There are 2 protein chains.
Amino acid sequence: MASFSAEAGKLLVIPSDGSHWLGMKSIVEELGRRGNQVVVVFPEASLSMGPSEQTTTLTYPVNYTKAELEANLADQLNTILSIDISTDLAKFQSFIISMDVLPMFILRNTEGLLFNKDSMKKLQDYNFDAILTDPFEPVGAITGEYLSIPAIYMLINHPCGVDTLASQCPCPSPPSFVPRFFTGFSDKMTFHQRVENTLMTVFEAFLCRKLFAGTDELASRYLQKDTTYKELLSHGAVWLFRYDFTFEFPKPQMPNMVQIGGINCAKKGPLTKELEEFVNGSGEHGFVVFTLGSMVSQLPEAKAREFFEAFRQIPQRVLWRYTGPVPENAPKNVKLMKWLPQNDLLGHPKVKAFITHGGSHGIYEGICNGVPMVMLPLFGDQGDNVQRLVSRGVAETLSIYDLTSEKLLVALRKVINDKSYKEKMTELSAIHRDRPIEPLDLAVFWTEFVMRHKGAAHLRPAAHELNWIQYHSLDVIGFLILILVTVIFVTVKSCMFCFRKFFKKTQKKKKE
Amino acid sequence: MASFSAEAGKLLVIPSDGSHWLGMKSIVEELGRRGNQVVVVFPEASLSMGPSEQTTTLTYPVNYTKAELEANLADQLNTILSIDISTDLAKFQSFIISMDVLPMFILRNTEGLLFNKDSMKKLQDYNFDAILTDPFEPVGAITGEYLSIPAIYMLINHPCGVDTLASQCPCPSPPSFVPRFFTGFSDKMTFHQRVENTLMTVFEAFLCRKLFAGTDELASRYLQKDTTYKELLSHGAVWLFRYDFTFEFPKPQMPNMVQIGGINCAKKGPLTKELEEFVNGSGEHGFVVFTLGSMVSQLPEAKAREFFEAFRQIPQRVLWRYTGPVPENAPKNVKLMKWLPQNDLLGHPKVKAFITHGGSHGIYEGICNGVPMVMLPLFGDQGDNVQRLVSRGVAETLSIYDLTSEKLLVALRKVINDKSYKEKMTELSAIHRDRPIEPLDLAVFWTEFVMRHKGAAHLRPAAHELNWIQYHSLDVIGFLILILVTVIFVTVKSCMFCFRKFFKKTQKKKKE
């Protein structure tokens, strides 16, 4: 750990569920270890959130259960598996599905905390210096605003680019090289892709208004002022982005945006004796790691069979996080596990490939350890994530909808046997790990900075204080046009006056 | 020093003259100390450049002398002293003066190196990994392009914002809150200032084309391809900006822009016994430091008298870097020196104020040590620099043109006796020094990064590969309009056809 001054502060943490919590947990624990008083608040029903070391945990009741959350997730997965995501329309459909179900639980969770008077009173009494929250769910941002404490937002990206809008970055993201969400395009697009990307830009605006309508209404109602989620987020002091530019396409940043991509990679341990024996078992052929993330450990039987069939035909051994039905004659080179130490396995010298859904944590563990990937995007931003690696020549992607053992075999053999994948990945990994300061240290530094200085006002562009007309200089342009028109008008009138005088004189003379 | 891997590289350094060299010297010496082979190249005639520790020095002849450079500088100063810079027109005049004389020497220096076959052959033989240069003068950028090595640019800002243009930052700098060069505005402008700023934006475009015409021509001629200075700079791998956001107004950054403001501040030593005695001599009243930068140590007698008269009336002692004429009854509390240890003095607990011309080095030493300032901008970007501190409430500014002892006294007493200046400066200083990594380490890291990885391609936005039409999606918009027009045309034609048919039928029926 770096040696900045460790003045203890009081930090409120309101994380978001699912894999989001994994990214935040290590920062929160490090902040606690450094002597800060860290209070982590989450709902009683959640997919993955739980107590963390060196912190205090507070929970509040919500009007749904963990079972309901899980059922919802399974429903979503089934829908995804039944959509041919390779077409534009389907891509869009999957976007709508994700966006439609999510807000419901998100709003119920938000109301669960905000309207729980006891909890809110307790939080107020703590007198926190700052809040660290994931703006994927609005519960943290609204609570921070209610408590009038500066906010540190931690995320990887935000649907609809609310992060960019809220930071008042005067950076238009031209559709010519900035791919839109859920298009799955890279930053180098064909003409056809650019047309689609431009159309998506227009459509996005409508969709996003719908997506945040509930949040805007709830925030306004609770804070008793007319506001929007975007406006709340624009008060953020510092944004911690869980990416760097070995993954994300280079794009402009505001001074209060900090890149902390690859934050969990450093934590690596040795394998158990049993695992070590298994992965060494295939000798020089090495092994393959396969997971679909912390939220998906099952697949329909037919789909699972395609995987087993492909694995039967490769010389590598396979470690698969899988709890679904197993066919009778499952191949011997496959080891099924309920949970697997993903980063430890990816750091093993014999690993040859990583089959992943393209969640950001897995991607960074892959980059960090330099392992080529076969990617099967499921939902959310995964389709876009995947494209970022495919365009760098370090991964192949397949659609889970029409996956067959043949397709999987082709992709797997490609990333394992074609040396360019490993070479490019090794280079990307070297660049990723070559940094002046560890991302965890950076995240801790900026969180403590906000606590020490009660915000980060010096990083806030003056644009925040301008209204729409002023920002775009419309008043100035109007004023200059007015002057120009006046000058032209006066000049023309004067000329006409002179001309008439002269004309009259000439006529008079002629008459005479 | 931080502990990144120190793999020795070969670095070419082509600095720029004057105070520019001061900023680069410490980085260059640190790079040499870390085992890199550093070759610093500069002309035989220069104002301030000289050998540095741990590096190899190469010089080349130029067709001007140091005396000519100094005479030119003195000329410029005299012109500035005779212009009432408080009016808009004069501000502009001073801009033109600076911009007109500069390019002449800059081009002669550039030609001096480029057309010196021996020197260029020697540089080629070194087989450098990268070049570190200050783009204020084009000699480094053209040499780097000629040698086909990646470039690290180090600067504080560039007239005409060539830095922003060249980095392909899709960040328009709205005139509503981004003050233009030489306007001396802050980021919070009145309506009148915004009008002026908008007009300046338009005018700047013309002026800048003129400013770089000679460079564009020389670069195209030497490299034997049609190019511009802006295009050369756009190949830059990393930009090291000698600012941070306690000084500069927050604005968007590209991922290859690194802030290293305050790089020289850490180097502090104790005062000599003589100086220590002098500064302690006025007891609790403390002392004032006064310099007009490394290039100006003289003033016309009448102007100097105003300073002496003001200093006579304050209880503080004054240390003044001054080599000009001294009046007979010069006050006893003033100590004149040929050179003074500025940063050591500003770090002394008894310092009360800093009278400065607003050069970036002095400003950062002031911020670093938390000393309120009275600022007398002379040329270049100093007028703009000053405004950045005045708008933060840590400095007062005066025009040197119409400076009187009364005006100076009012300003000095204000920054010394009104506690808000010191308070705000202490806060600014605390924020400036509260950083996760030292700017010198950051500069060294990124320079070595470029040497290690032969550039920083992963930080380069795809925008560089698009032409103007593609970048702005004009082809896509044209295509969409074409489709829209076709659809409308076909619809209207069809409707008219149907309408006619219907109309004819009705007429027929009527006739029948």
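What you see is a predicted model; the values in this text were computed from it and never measured. (Residues numbered from 1 in each chain as written. Chains lettered and ligands numbered in written order. Predicted model: local features only at pLDDT ≥ 70, side-chain atom pairs only at ≥ 80, totals over all residues. Heavy atoms only, no water.)

## Let's talk about the packing of helix H10 (residues 301-312) of chain B against helix H14 (residues 405-417) of chain B
Residue and element names in this part refer to chain B. In contact at an axis separation of 8 Å, H10 and H14 are set at 45 degrees when each is read in the N-to-C sense. In terms of orientation, H10 and H14 fall into the oblique class. The crossing of H10 and H14 is right-handed. Along its contact with H10, which presents Glu306, Phe307, Glu309, Ala310 and Phe311, the element H14 presents Ser405, Leu408, Leu409 and Leu412. Residues belonging to the contact of H10 with H14 are distributed by class as follows: six nonpolar, one polar and two charged. (Axes fitted to C-alpha atoms, helices over the stretch in contact; angles between N-to-C directions. Helix = DSSP H or I, 4+ residues; strand = E, 2+ residues; numbered from the N terminus. Parallel < 35°, antiparallel > 145°, perpendicular 65-115°, else oblique. Left-handed = near helix turned anticlockwise from the far one by under 90°. Contact = heavy atoms within 4.5 Å. Nonpolar A, V, L, I, M, F, W, Y, C, P; charged D, E, K, R; others polar.)

## A closer look at the domain arrangement of chain A
Residue and element names in this part refer to chain A. Domain annotation for chain A reports domain 1 (10-263 + 438-464), domain 2 (273-433) and domain 3 (472-511). Relative to domain 2, the C-alpha centre of domain 1 lies at a distance of 28 Å. Of the residues lining the interface, 35 residues belong to domain 1; the matching set on domain 2 comes to 30 residues. In total, about 2800 Å² of surface goes out of reach between domain 1 and domain 2, with carbon and sulfur atoms giving 63% of it. (Domains from an automatic or database assignment. Buried area = accessible area lost by both parts, 1.4 Å probe.)

## Some points on the sheet that holds strand E5 (residues 151-155) of chain A
Residue and element names in this part refer to chain A. As summarised here, the arrangement of the seven strands in space is E3-E2-E1-E4-E5-E6-E7, forming an open sheet in which the pairing is parallel. Strands at the two margins of the open sheet, each flanked by one partner only, are strand E3 (56-60) and strand E7 (257-259). Neighbour-to-neighbour, the strand axes of the sheet open up by a mean angle of 20 degrees, direction not taken into account. By the bridge criterion, five bridges tie strand E2 (residues 37-43) to E3 in an arrangement that is parallel. Among the inter-strand pairings, Phe42 is bridged to a residue of E3, identified as Thr59. (Pairing = 2+ DSSP bridges.)

## What about a nonpolar patch on the surface?
Residue and element names in this part refer to chain A. Nonpolar side chains collect at one region of the surface, where Trp468, Ile469, Leu474, Ile477, Ile481 and Val485 lie side by side and expose about 590 Å² of accessible area between them. Counting only elements with at least two residues in the nonpolar patch, the list comes to helix H17 (468-471) and helix H18 (474-511). Per-element accounting of the nonpolar patch gives the leading share, four residues, to H18. Secondary-structure assignment places Val485 in helix H18. (Patch = residues over 30% accessible without salt bridge, like charges linked within 9 Å, V, L, I, M, F, W, Y side chains within 5 Å. Areas by Shrake-Rupley, 256 points an atom, 1.4 Å probe, with all protein chains shown as cover. Salt bridge = Lys/Arg side-chain N within 4 Å of Asp/Glu carboxyl O.)

## Concerning empty space enclosed by the protein
Under the defined criterion, the tally for this structure stands at five cavities of 30 Å³ or more. There is about 1200 Å³ of room inside the largest cavity. The wall of the largest cavity is formed by 47 residues, among which Val258(A), Gln259(A), Leu442(A), Gln259(B) and Leu442(B) lie closest to the centre. Put simply, the parts of the chain that give the lining of the largest cavity at least two residues each are E7, helix H15 (419-433) and helix H16 (439-453) of chain A together with strand E7 (257-259), helix H15 (419-433) and helix H16 (439-453) of chain B. Counted by class, the lining of the largest cavity contains 28 nonpolar, twelve polar and seven charged residues. (1 Å grid on protein atoms, 1.4 Å probe; cavity = no way out; pocket = protein on both sides within 12 Å on 5 of 7 lines; lining within 4 Å. Points joined across faces, edges and corners; volume = space filled by probe spheres on them.)

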